[in-house]
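So the chains spell out like this:
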Amino acid sequence: TIMAAILSIQNLSKQYDSGFQALKNVNLEIEEGEILALLGPNGAGKTTLISIICGLVNATSGTATVGGFDVVDEFRKARSLIGLVPQEISLEPFQTVTNALHFSRGLFGKGRDPALIEDILKKLSLWDKRDSKVVELSGGMKRRVLIAKALCHEPRVLFLDEPTAGVDVELRKEMWEVVRQLKADGVTIILTTHYIEEAEAIADRIGVIRSGELLLVEDKDLLMRRMGQRQIRIELM
Ligand code: ATP
């Protein structure tokens, strides 16, 4: 079956004002409904790549489209198709969980939809906490609120920037389960990680990024087999 590319990145490069070259001619096509894990060490350029696609950082050269919309020239249309779960927990501490979700949807100019918010809260096992203030939640629940917020405007592509960095094993597995469920709902997911086990556990394809270069993008099973046969070695740290 031929699937449409929901995300297309062409010859994308980024040089920061400091002169640092954070991305070098990155090309990538992502099909609707797949999970791509972007694997790379600190400073590889993962967050820079996500930031460009989300319109937070300008590329030095190259283009990216989401759902066919250019992320610069058609920013609003492209951005409305994207859910972003940032690396840092960025929540209003005294907002209730439910209000945080309604607010997030409102930011995209979408009308109130309590049934949708209820659905998202239940999907992320946050229903019992819907009236709690964010400040009262555990770290794992805060991460789930971040994901829930990113889903409220019904994006087709979800970026998860190191969703399990500094998280214990139990919570990591819980996050993996959440990601699998979202995939089952048809959301396309791009997640960044330092952990090859994480990529192996949830991705359909794995991209390896290092020093701003996308070294390879390959079907997960093929890549793991080649690594097992030592035809390829990935040094991450
Ligand atoms: P991590 O895994 O640590 O989050 P990353 O792969 O997401 O790393 P980026 O955050 O994209 O990497 O950073 C890539 C490189 O670009 C780093 O060396 C970083 O120091 C540099 N960089 C990021 N933002 C800026 C900036 N605003 N100005 C200059 N250099 C920057």
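Above this note sits the structure.
Every chain begins its residue count from 1, and numbering advances along the sequence as written. It should be noted that, the model being predicted, local features are given only for residues of pLDDT at least 70 and side-chain atom pairs only at 80 or more, the latter also being counted only at that level, while totals for whole chains, interfaces and linings use all residues. Side-chain measures were taken over the full set of non-hydrogen atoms in the model, leaving aside hydrogen atoms and water.

Caption draft 1: Expanded view of the overall build of the protein chain. In terms of helices and strands, the protein chain carries eight helices and 10 strands. The reference for a compact globule is 2.2 Å times residues^0.38; the radius of gyration itself is calculated from the C-alpha atoms. Computed over its C-alpha atoms, the radius of gyration of the protein chain comes to 18 Å, within 12% of the 18 Å expected for a compact globule of 237 residues. Once the C-alpha set of the protein chain is aligned to its principal axes, its extents read approximately 50 × 45 × 40 Å. Between buried and exposed lies partly exposed: a residue is buried under 20% and exposed over 50% of the maximum accessible area for its type, with that area taken using a 1.4 Å probe on protein chains only. By residue count, 49% of the 237 residues in the protein chain fall in the buried class. Contacts were defined at the residue level, with two residues in contact if any of their heavy atoms lie within 4.5 Å. Taking contacts inside the protein chain between residues at least 6 apart in sequence as the whole, the part at least 24 apart equals 66%. Just so you have it, the protein chain exposes about 11700 Å², and 48% of that area is on carbon and sulfur atoms. The secondary structure listing takes helices from DSSP runs of H or I that are at least 4 residues long and strands from runs of E that are at least 2 residues long, numbered from the N terminus. Only the protein chains shown count as cover for residues, and all accessible areas are computed by the Shrake-Rupley method using a 1.4 Å probe.

Caption draft 2: Region of interest: the packing of helix 5 (residues 139–151) against helix 6 (residues 169–184). Two elements in contact, helix 5 and helix 6, have axes separated by 11 Å at closest approach and are oriented at 15°. As the angle between them shows, helix 5 and helix 6 are arranged roughly parallel. Classified by chirality, the crossing of helix 6 by helix 5 is right-handed. In this structure, helix 5 contributes Gly140, Arg143, Arg144, Ile147 and Leu151 to the contact, and helix 6 contributes Leu171, Glu174, Met175, Val178 and Leu182. Looking at the contact of helix 5 with helix 6, its residues break down into six nonpolar, one polar and three charged. Lines fitted to C-alpha atoms define the axes, with helix axes restricted to the stretch in contact, and inter-axis angles between N-to-C directions lie between 0 and 180 degrees. Comment on the angle field: the value is read as roughly parallel under 35 degrees, roughly antiparallel over 145, roughly perpendicular from 65 to 115, and oblique elsewhere. Note on convention: the crossing is left-handed when the near helix lies turned anticlockwise from the far helix by less than a right angle, right-handed when the turn is clockwise. Classes in brief: Ala, Val, Leu, Ile, Met, Phe, Trp, Tyr, Cys and Pro nonpolar; Asp, Glu, Lys and Arg charged; the others, Gly included, polar.

Caption draft 3: Structural context of a negative patch on the surface. Patch membership requires over 30% relative accessible area and the absence of a salt bridge. Like charges are linked within 9 Å, and nonpolar side chains (Val, Leu, Ile, Met, Phe, Trp, Tyr) within 5 Å. Basic side-chain nitrogens of Lys or Arg form a salt bridge, by our definition, when they fall within 4 Å of a carboxyl oxygen of Asp or Glu. We count Lys and Arg on the positive side and Asp and Glu on the negative side, and we leave His and both chain ends out. Note that the charge is assigned to NZ on lysines, CZ on arginines, CG on aspartates and CD on glutamates. A cluster of acidic residues, Glu197, Glu200, Asp219 and Asp221, forms a negative patch on the protein surface. Mapped onto the elements, aspartate 219 comes out in strand 10 (residues 213–219).

Caption draft 4: Local environment of the pattern of salt bridges. Here the structure, examined in full by the defined rule, presents 11 salt bridges. Across the pair lysine 122 and glutamate 118 runs a salt bridge whose closest N-O atoms are separated by 2.6 Å. Placement of both lysine 122 and glutamate 118 in helix 4 (residues 114–123) is noted, with a separation of four residues, approximately one turn of the helix. Take lysine 122: its relative accessible area is 44%, and that puts it in the partly exposed class. Owing to a relative accessible area of 31%, glutamate 118 belongs among the partly exposed residues under this scheme. Taking the shortest distance from any N to any O, the salt bridge between glutamate 218 and arginine 226 comes out at 2.8 Å.

Caption draft 5: View of the packing of helix 3 (residues 97–106) against helix 5. Two numbers describe how helix 3 lies on helix 5: the axes approach to 8 Å, and their chain directions differ by 30°. Judged by the angle between their axes, helix 3 and helix 5 are roughly parallel. Helix-helix and strand crossings are classified by hand; for helix 3 and helix 5 the assignment is right-handed. Touching Val97, Ala100, Leu101 and Ser104 of helix 3 are Val145, Ala148 and Lys149, all from helix 5. Each residue belonging to the contact of helix 3 with helix 5 can be placed in one class, and the counts come to five nonpolar, one polar and one charged.

Caption draft 6: Quick peek at empty space enclosed by the protein. Points on a 1 Å grid over protein atoms alone make up a cavity when a 1.4 Å probe fits among them but cannot get out, and a pocket when they form an open set with protein on both sides within 12 Å along at least five of seven lines; lining residues each have an atom within 4 Å of a point. Grid points are joined across faces, edges and corners, and a volume is the space filled by probe spheres set on the points. Under the definition given, this model contains one cavity of 30 Å³ or more. Computed from the structure, the largest cavity encloses a volume of approximately 50 Å³. Considering the residues around the largest cavity, the lining is formed by Val85, Pro86, Gln87, Arg143, Leu146, Asp161, Pro163 and Met175. Classifying every residue of the lining of the largest cavity by side-chain character gives five nonpolar, one polar and two charged.

Caption draft 7: Structural detail: the site of the ligand. We call a residue near a molecule or strand when any one of its heavy atoms sits within 4 Å of it. Around the ligand, a shell composed of 15 residues is seen, among which Asn42, Lys46, Thr47, Thr48 and Glu162 lie nearest. In this structure, an oxygen atom belonging to the ligand sits 2.7 Å away from a side-chain N or O atom of asparagine 42. Interatomic distance of 2.7 Å between a side-chain N/O atom of glutamate 162 and an oxygen atom of the ligand. In the complex, 65% of the free accessible area of the ligand, which totals 640 Å², lies under the protein chains. The definition of a polar contact used here is a pair of N or O atoms within 3.5 Å, where within protein one atom must be able to donate a hydrogen and the other to accept one, and adjacent residues in sequence count solely through side-chain atom pairs.

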